[in-house]
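# Secondary and tertiary structure notes
Chain by chain, the residues:
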Amino acid sequence: MAALWLGVKGSLSLDTAKLLALGLPFLFAGAWLGLQLFGRIDEAAFRKIVLALLFVSGVALLF
């Protein structure tokens, strides 16, 4: 909705729209994977996965 609103107001440049279009398949793939895993893993495993992803994200920010 935010991207749509920015586009309507004219604040969305062509470069930003291209990057948005490039990222949409990854967004949909992540949402699909999350829906597939929903209910199949317990709370402890979910917590470990989230912490691991946060760790990887933090390390990536350092480099």
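To keep things clear, this report deals only with the structure shown in the data block. (Residues numbered from 1 in each chain as written. Predicted model: local features only at pLDDT ≥ 70, side-chain atom pairs only at ≥ 80, totals over all residues. Heavy atoms only, no water.)

## Details of the overall build of the protein chain
Along the backbone of the protein chain there are three helices and zero strands. Relative to the globule expectation of 11 Å for 63 residues, the C-alpha radius of gyration of the protein chain, 16 Å, shows a markedly less compact shape. Dimensions of the protein chain along its principal axes, counting C-alpha atoms only, are 45 × 30 × 15 Å. Sorting the 63 residues of the protein chain into buried and exposed places 0% on the buried side. Carbon and sulfur atoms make up 76% of the accessible area of the protein chain, which totals about 5900 Å². (Helix = DSSP H or I, 4+ residues; strand = E, 2+ residues; numbered from the N terminus. Rg over C-alpha atoms; globule rule 2.2 N^0.38 Å. Buried < 20%, exposed > 50% of the residue type's maximum accessible area, 1.4 Å probe, protein only. Areas by Shrake-Rupley, 256 points an atom, 1.4 Å probe, with all protein chains shown as cover.)

## Some words on the layout of surface pockets
By rolling a water-sized probe across the atoms, one finds the places where empty space is left. Of the pockets and cavities examined, the largest pocket occupies roughly 190 Å³. Every residue lining the largest pocket is listed: Gly-34, Leu-37, Phe-38, Gly-39, Ile-41, Asp-42, Phe-46, Ile-49, Val-50 and Leu-53. When residues of the lining of the largest pocket are traced back to their parent elements, those giving at least two are helix H2 (14-37) and helix H3 (43-62). Of all the elements, H3 adds the most residues to the lining of the largest pocket, at four residues. For the lining of the largest pocket, the per-class residue count stands at seven nonpolar, two polar and one charged. (1 Å grid on protein atoms, 1.4 Å probe; cavity = no way out; pocket = protein on both sides within 12 Å on 5 of 7 lines; lining within 4 Å. Points joined across faces, edges and corners; volume = space filled by probe spheres on them. Nonpolar A, V, L, I, M, F, W, Y, C, P; charged D, E, K, R; others polar.)

## What about H2?
The first and last C-alpha atoms of H2 sit 35 Å apart over 24 residues, in line with the 34 Å expected at 1.5 Å per residue. A maximum bend of about 30° is found in H2 at Gly-23, where proline Pro-25 lies one to four positions downstream. Looking one or two residues past H2, Gly-39 carries a phi angle of roughly 85°, positive in sign. (Expected span 1.5 Å × (residues − 1). Bend = angle between axes of the 7 residues up to and from the residue.)

## Quick look at the environment of Gly-58
Tracing the sequence through the fold places Gly-58 in helix H3. Accessibility expressed as a relative area gives 31% for Gly-58, which makes it partly exposed. On a C-alpha basis, the gap between Gly-58 and Ala-45 in space is 20 Å, while along the polypeptide they are 13 residues apart.

## Things to note about a nonpolar patch on the surface
Together, Ile-41, Phe-46, Ile-49, Val-50, Leu-51, Leu-53 and Leu-54 give the surface a local cluster of nonpolar side chains, amounting to about 650 Å² of exposed area. With respect to the helices, strands and loops of the structure, Leu-53 is situated in helix H3. (Patch = residues over 30% accessible without salt bridge, like charges linked within 9 Å, V, L, I, M, F, W, Y side chains within 5 Å. Salt bridge = Lys/Arg side-chain N within 4 Å of Asp/Glu carboxyl O.)

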